[in-house]
Amino acid sequence: ACGDGGGAGDYGVAVGEAPPELTMVVRNDVDTFDPMLTAAENGATQMYEAIYDTLVRRDLSTGEYTSGMADSWDVSIDRIDFQLKADLTCSDGTPLQPSDIAASIERLADPDTGSVYTGRVFGAGGVSEIVADDEADTLSVEVNDPHSDLLDGMRSAFIVCPAGLADTEALATEPQGSGPYRLVESNRGTSYTLERWDSPAVEDLTDLPERITMRVVTADATRANLFETGQADLVSVVGRDARRLEESGGTPIRGEAAQSDALVFNQRPGFAAEDENVRRAIAHALDSEAYTNAASFGVGEPIDTAYTPNLDCYDADNGALKPQFDMDAARAALEDAGYGPGGETLRLRLVGYDNQNSGPDYVADTLRQLGIEVEVRNGTLAQAAGIIYGESEPWDIFVFPLISAAPNPYPLVTKMSSNLGEGGSYNFGRVRNDEYDDLTSRAPGATGDERCELWSAAEASLLERVDLVPLMWSIASYYGDGLEFEAEYRTVDLRSIRTTGE
Amino acid sequence: MNDVILRVEDLTISTSGRDDPPPVRGVDFTVRRGEIVGIVGESGSGKTLTSLGIARLLPHGLSLDATTLEFDGHDLIGGSDRELRRLLGTQMAMVFQDPMSSLNPARKIGKQMVEAVREHRGLSKSAARELAVRSLEDVYITEPEKRLWQYPHELSGGMRQRVMIAMGLMSEPSLIVADEPTTALDVTVQAQVMQLLCDLNDRSGSAVLLISHNISLLSEVCDRIIVMFRGRIVEDLTTSKLLAGPDHPYTQALMRAVPDLATDRTKALETIADTEFDLEEPARA
Amino acid sequence: MTDVHPDHDGTDVRGDQRRRGTTRQMVRAFLSSPTGILSGLVLAALAVLVVMGPNGFGSAAVVSDLGRASEGPSEDFVAGTDALGRDILTRTLAATRTSILYATLAVLIAMVAGALIGGLLAAAGPRVRRIGGGVIDTMMGFGDILLAVVVIAIVGVGSQGAILAIAVAFTPNFARFTYSLVDSVMVRDYMAAAKVIGVGRSGISRRYVGRNVADSMAIVTFTAIAEGIMAMSALSFLGLGVQSPTFDWGQMLTDGVRNFYLNPYAALVPAALILVTGLAVGLFGDALARAVNPVLWSERPSLFAGRLGGRRPLVGKDVMGPGAAVETEGNRP
Amino acid sequence: MKWRMFLRARLARLAYVLTAITVLTFLMVHLAPGDPARLVAGMDADDNAVEVARQNLGLDRSLPAQFVSYVGGLFRGDLGTSFATRQPVTAEIAQKIGPTMELALIGMVLILLVGIPLGLLGAVSTRKGGRTFEVLFSSGTGAMAAIPQYLVATFLAFLFAVTWQIFPVAGAGAISAAILPAVAIAVRPAAAIARLVRVRTLEVLETPYVRTARSKRLPAWKLYGWHVFPNAITTMLAMGGVLFASLIGGAVIVEQVFARPGLGTALVNGVLLGDYPVVQGIVLLLGFSVVLVNALVDILLGVVDPRTMEAGR
Amino acid sequence: MLELKAIDVTYPGPPPFTAVRHVDLTVASGTTVGLVGESGSGKSTIARAAIGLTPVTSGTVTLDGKDVTNPRGRTLRELRRTAQLVFQDPYASLNPRMEIAMAVQEAVSVASGERIGSAHCVRRATELLDRTGVPRAAMIRYPHQLSGGQLQRVSIARALATEATMLILDEVTASLDVSVQARILNLLRELQRDLDISMLYISHDLSVVRYLTDHLYVMRHGEIVEEGSSDVVFGSPQHEYTRTLLAAVPTMGGNRWRSRREHASVPPLSEEAERAAPVTPPADSVEAPTPVPRGTR
Ligand SMILES: Nc1ncnc2c1ncn2[C@@H]1O[C@H](COP(=O)(O)OP(=O)(O)OP(=O)(O)O)[C@@H](O)[C@H]1O
Ligand SMILES: Nc1ncnc2c1ncn2[C@@H]1O[C@H](COP(=O)(O)OP(=O)(O)OP(=O)(O)O)[C@@H](O)[C@H]1O
Ligand SMILES: [Mg+2]
Ligand SMILES: [Mg+2]
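Below, the structure is looked at part by part. (Residues numbered from 1 in each chain as written. Chains lettered and ligands numbered in written order. Predicted model: local features only at pLDDT ≥ 70, side-chain atom pairs only at ≥ 80, totals over all residues. Heavy atoms only, no water.)

## Observations concerning a nonpolar patch on the surface
Residues and elements named next belong to chain C.
Consideration 1: A cluster of nonpolar side chains, V27, L31, I37 and L41, forms an exposed patch at the surface whose accessible area comes to about 360 Å².
Consideration 2: Those elements that place two or more of their residues in the nonpolar patch are α1 (15–31) and α2 (34–52).
Consideration 3: With respect to the element layout, L31 can be found in helix α1. (Patch = residues over 30% accessible without salt bridge, like charges linked within 9 Å, V, L, I, M, F, W, Y side chains within 5 Å. Areas by Shrake-Rupley, 256 points an atom, 1.4 Å probe, with all protein chains shown as cover. Salt bridge = Lys/Arg side-chain N within 4 Å of Asp/Glu carboxyl O. Helix = DSSP H or I, 4+ residues; strand = E, 2+ residues; numbered from the N terminus.)

As structure tokens, this is what we get:
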């Protein structure tokens, strides 16, 4: 369908079936095909979804966990027992035994691997035991601390085949997975071609396109151009070019992020934002809607809570706890902090992330209206990370793109709590919110209604102390040429793509 | 066949868009076949421009006007382009003032030499080369075959000048216009070049129009000498007349201004002051 | 002394009269070129904008109005608004100061550094010259942008980084230019003559090297500012240029280019200013070159330096020479 | 003999320039602010992950030790491993060099095809007294040189890829995909070349040897082709190294607009991500090619104009 | 006054080239000495060596009895106060960015220690320019605004401004018109008479040398082949080369070629004359290659 005539949406199959061939454009390149070591977002994740398999999956339309490599599973608060499918095979044809899967998970759990996902998947305490039984096709994972989101974590535990584990260096360029697709052609930085193979793990092969070309284009406008000129079937646009596509008749499918873009502060001793009044003043000065316009040109949605509506413990009422947009209140709070007229001038260093368009500029602009001197430092996510984690460059405010694949509140804990990591090293803002620490240490172990109550209270404590100022619910617009599908912020569910015949 | 190879009547060369008087004004002269004619005059009197005008090679920005400009019986002003090309390409040869820069530095001597005859006489490559070798021999250049493969910068000034002459001679022209061909050279080399020119004139009957500052030199070589001053011809006289005593005071002064080996050392040289010659118009504003 | 008639018209040989004459001639030479006048006017207008700066436009350039963000061209906003609802036209005009000043600063640093390096190299021994020349050639081989990017890798992103990067990137060019300029002056006969007369080191460097090099340097520096603006804007495009709240044409153009499909004016307005500045600076430089070089004041006819002699490039050995001048006593002015 | 000396001098230059570049690029990693290990480990990493990353990168060893192993690697053709992709830098470069070279080559052809004839035309018409053309020429080339490349690129994409859809919007591989980016990077250098050729041609046209050639009454194409052009071209050849640089530099920018992979993009990303081995490798490679191009140009100049070889000593 | 004893000058290579070999040359006080010879024979090299512009490899240079071989510092300054070199091309040897009065003032200032523009400098410069016949109106002009003859006068005035009593004139009239040449020659004679200066006059033009000089040196291939009082050398040349040289000088009404032409048969160039113009030029006498500026912006 690559612009070769036929017109829009003509994939040569009946309406409602998966298109046999598909050209997708992803927003950034795969950094490495080692899914445990990746730092990238959309491009890589989308690719792993196709190439690697996971034990469980989640249906985006229903929110239900569905079968992956495991047919069934038995979840407790600190342990899962999986019953695996028989005769699993790697895409290179070698059989995949439960012990191989266990080895892959162990690598993920091993702190020496240096994976970012270790804590998120297994919780603060780490893994205590992984047991595989090749005869019975079972696998069990047990963690040290109770972790109610363990099952969800397993969604992002991509299983690497033995060939990959044997040579982790080669894994960087040659994926070794058991997912439904094989990488048949790779032009780094430009395009990748994936081909479906007869994986025994896939129930219905016709649900998936036979061949997917993934092109990498970082510029929003260019992705939009590719779509407009019919050179791509499925693109995502995160910025203002969405408006152009809509004007020319495209209807976007929303890929919602879990957790909101928010302002976070450097609360280390000696920094201005250590003072709650300063944080409050800043929070009062910011209008979520205005920020959303500046940062996403209206594609995202303004939000006042840290948890987004697609999160399982979302509580809209917590929004009232966030200081509301009110410049007078902001001025008052600032004066309480000893700045402003009569007091000294407040100087702040703002770190922004270049995907947030004019968002950081908006924040800076507004704060300047309060008489605060703001210096902006926009960079890539990696640069921003270098600043906020490193001790070499001072910073005060960070516009934090909290985008998580997990639809639960746990990922936020790693940023806001002092419980995790040595000396709170995850907690880059050195937030000292004892209430939050306490609540979040209990929440992962709780079940039923209590779980969400605890999480909700934890969110409330952050908002009350203004440790976090939620601003926007990030949403990526996906446009399909005569296609419908389910999407998250970072990925499109390949199994859900269907032609619409429009 | 006409006895006169070059006839110039009322030749004026003017600069475009300037109020200055034209650098060459109303020049008349003729050159007969086989004749050696010299042009002498102070610097800037229009000698070079006259010669370029005759060859229709005036630099950009100058325009030419004449009642008659005839070469070998062909009208150089009205004649057809094609005809003139061939005529001037074969029948008139130019040897310029500065041998150091008159040859293309980026082209081998051989190629530069043969291109005119190949163009106008359609000679084959080998025939043209042979001719070039013979021509180099004619100007007493040693190892002519080797020279063809050399670049101009590999030759001495005197050799380059001889190459220039040899190049002009290849098509056996009826007129050689040589503009100060020896100014940059040693007296000994100058003597060789002069000998060559005379030699050729003798052998193939080419007429020579020789331009020089050096009136003594011209007096040794030429049959006739034209004296130019401020863009005009002030006197056109035979060499014997010159030696016997020219009529025009400028020519007389010119002869006295140049010391020769016999000049009286105790006397100051005579010089030519600007005001001395009252031509109709004052020189330059 | 029979034939020499010095016209004793009582002219004095003193300094001020001389200087006045020189200035007058320069001005006259400058005014004789229409392009020079035109570009001069454009530059004057730009200078006004530089002086005004962002604050000269009141709040229009800096204060955001999110209610009217990302609008297309309208009566209120001739070129539309940016993502924070600021008028693009006003903002572009307001950005003139930063754009020109930063580029100028970078170019000046490069000029000083390059002149020093080039001058020292030209005065150094053959070995140093060869090695230095090789390094400069190679640095030049990298080109402005690449060098600047590499510098930014070291010094970090931001206005200072960008200025420094452009300065470093331009330095080899200036060094090379100064080097060949000084070198061409050094080998000239008048240098030997000056030495023979016994002119001291400082006299040589001021009156000989200095005077013969200064105007070409000044003009090249001047024209390099346009290049500097371009290079700055390229850095902005790569995300390595000046950072908010500072804004320059490059930033605006970059933003405009990203928004090209929705509001092309957002790109075209700053592009037009960059273009106009570049052209004006170039033409002005040409006119200036003619004005300050006494050799070009009056284009005198001569066979090989005729009308074209005046249009030699301002590079290399021919800067000072009038070509093969046909000099005659009869040509006395 | 002449050639041998000439080549020896070139090789010596190659050696010391490369040494200088190697030391400089190596120091770059250590002069740069920030912690590469942190950058590699990513946003969500804790101290442990960072430490692991540091060890993996070999950044925990002493500076001289690192330098020795870096230089040792160079001799084995090993430029290190990319921080971001964990791939050998050589592999990384091998993947990116193709598209960039393609762009540079097409760009070069365009520059020559447009710049030289335009310059010659400019010279000829100036000589004929075409004042209007002269003004057009100088303002035209001036404008061409004063428009930022990314605007040109975007504009070309807008017209030819989006509006008329003659060329693909983005990508690499097919030649057609390289045309627009090549045009975009060729515009400025072509203008520069045109100006240079014009000025130089005008100079050459006034030389005595062209007058000599005119006196032979050769047809125009021979006069220009044999006498004017070879002499006018030397200046342009001497610009070869710089031309190459401007193409690569242009590629950095244009590659972004057309979403082409290439050395330029890789370099900028390397800088932005702090992926210094890649930056180091690319800088080294470019330095090498620049020195090589300069040497080639010198040799070519020696062929076209044999006098330069003697001056080159 | 000026005495060169057994000087050798070798230009450093590669390959090194010995341009002048064992040259002895004396210029007696108040006299004019001529130096002639073929192109590239080392005449200019001698001039430059005498003035300390080119280092002498061996031998001594004395000026007024003082040793000024390869002078430095004080010696150099003193040497330059006594001896001056005037170059062939007056245009090239004047700073194009300096008005000619300034150029002369500068020389005065070097000699007197007074500031440029001081009353003394102005007066003396004006005086010298008047003396050499440069019109007053021309004094505030730049070199390119003057004619070649005027410029050559400025050069001479500048040399005199240093209060030099020894002038080395290297082909000073080669680029000038005959009538201008005559004026310069007259000026030189006049200056010599009035100021009692000594001159070393280097030229190709034997007629001029004959007219101007008392004593003559003939050079070839870096060596002096003949020396003697002008009258003697011109009258009865001893060396073969001198004879060739003299024979080649065109004389008014001399009819070497014309007569031959009239008598038809022209013998080819003699072997000897061919050797006089070497087929292979000395390595460096070829035109200096123009370095092409690389990467000019
Ligand atoms: N291209 C030109 N444009 C305008 N005027 C010119 C041009 N070339 C020469 N002239 C002027 O024409 C006059 C005659 O010049 P020409 O070169 O013919 O003199 P000449 O007698 O050959 O002098 P010389 O002995 O110095 O060669 C001079 O005043 C010169 O300035
Ligand atoms: N700087 C230099 N380096 C090397 N060789 C040189 C240098 N200057 C001159 N020569 C060589 O020294 C020889 C003598 O040169 P010089 O200039 O003294 O000759 P000349 O007699 O003045 O010649 P001309 O009559 O042409 O002026 C020549 O062969 C020349 O090539
Ligand atoms: Mg002439
Ligand atoms: Mg000499």
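## What about the state of the cysteines?
Each disulfide is one covalent bond, formed between the sulfur atoms of two cysteines.
Consideration 1: If you walk through the whole model with that rule in mind, you get two disulfides over all chains.
Consideration 2: A disulfide bridge connects A:C90 with A:C161, and the sulfur atoms are separated by 2.0 Å. Disulfide A:C90-A:C161: the torsion about the S-S bond is -105 degrees, which places it as left-handed. Highlighted residues: A:C90 in the loop between β5 (79–84) and α2 (98–109) and A:C161 in the loop between α4 (150–154) and α5 (162–166), separated in sequence by 71 residues.
Consideration 3: Among the residues examined, A:C90 registers a relative accessible area of 1% and is labelled buried.
Consideration 4: Disulfide pairing is shown between A:C313 and A:C452; the S-S distance is 2.0 Å. Taking the torsion about the S-S bond as the criterion, the A:C313 to A:C452 disulfide, at about -75 degrees, is left-handed. Pair noted here: A:C313 is in the loop between β14 (301–302) and α11 (327–336) and A:C452 is in helix α16 (residues 448–464), with a separation of 139 residues, a long-range link.
Consideration 5: Using a relative accessible area of 3% as the deciding quantity, one classes A:C313 as buried.
Consideration 6: Between B:C198, a free cysteine, and B:C222, which holds the nearest cysteine sulfur, the sulfur-to-sulfur gap is 8.2 Å. (Disulfide = S-S within 2.5 Å. Buried < 20%, exposed > 50% of the residue type's maximum accessible area, 1.4 Å probe, protein only.)

## Focus on the environment of E:G235
Consideration 1: Secondary-structure assignment places E:G235 in helix α9 (residues 230–235).
Consideration 2: Residue classification places E:G235 among the exposed positions, given a relative accessible area of 59%.

## Things to note about the site of ligand 2
All names here are of chain E.
Consideration 1: In the region of ligand 2, 16 residues are neighbours, and S39, G40, K43, S44 and T45 sit closest.
Consideration 2: Taking G42, its main chain carries an N or O atom lying 2.9 Å from an oxygen atom of ligand 2.
Consideration 3: The side chain of E171 places a nitrogen or oxygen atom 3.3 Å from an oxygen atom of ligand 2.
Consideration 4: When ligand 2 sits alone it has 640 Å² of accessible area, and the protein chains cover 73% of it.
Consideration 5: A per-element tally of the shell around ligand 2 places helix α1 (residues 43–50) first, with three residues.
Consideration 6: A breakdown of the residues in the shell around ligand 2 according to their chemical character gives four nonpolar, eight polar and four charged. (Near = heavy atom within 4 Å. Polar contact = N/O pair within 3.5 Å; in protein donor to acceptor, adjacent residues only side chain to side chain. Nonpolar A, V, L, I, M, F, W, Y, C, P; charged D, E, K, R; others polar.)

## Some points on the interface of chain D and chain C
Consideration 1: Contacts between the two partners involve 51 residues from chain D, matched on the other side by 41 residues from chain C.
Consideration 2: Roughly 4100 Å² of surface becomes buried between chain D and chain C when both sides are summed, with 78% attributable to carbon and sulfur atoms.
Consideration 3: For the chain D face of the interface with chain C, the top three residues by lost area are D:Y150, D:L151 and D:E206, together amounting to 15%.
Consideration 4: Of the charged contacts in the structure, one is a salt bridge between D:R188 and C:E227, with a shortest N-O distance of 3.4 Å. (Contact = heavy atoms within 4.5 Å. Buried area = accessible area lost by both parts, 1.4 Å probe.)

## Section: the nonpolar core
One recurring pattern in soluble globular proteins is that nonpolar side chains are buried together.
Consideration 1: Ranked by internal contacts, the top residues of the largest apolar core, which has 230 residues, are C:L235, C:L238, C:L240 and E:Y201.
Consideration 2: It is helix α8 (residues 201–237) of chain C that provides the largest number of residues to this core, a total of 16 residues. (Core = buried A, V, L, I, M, F, W, Y, C linked by side-chain atoms within 4.5 Å.)

## Comments concerning the packing of helix α3 (residues 100–112) of chain E against helix α6 (residues 148–161) of chain E
Residue and element names in this part refer to chain E.
Consideration 1: Contact geometry for α3 and α6: axes closest at 8 Å, N-to-C directions at 15 degrees. Relative to α6, the element α3 is oriented roughly parallel. For α3 against α6, the interelement crossing comes out right-handed. Here I100, A103, V104, A107, V108 and A111 of α3 come into contact with α6, specifically with V154, A157, R158 and A161. (Axes fitted to C-alpha atoms, helices over the stretch in contact; angles between N-to-C directions. Parallel < 35°, antiparallel > 145°, perpendicular 65-115°, else oblique. Left-handed = near helix turned anticlockwise from the far one by under 90°.)

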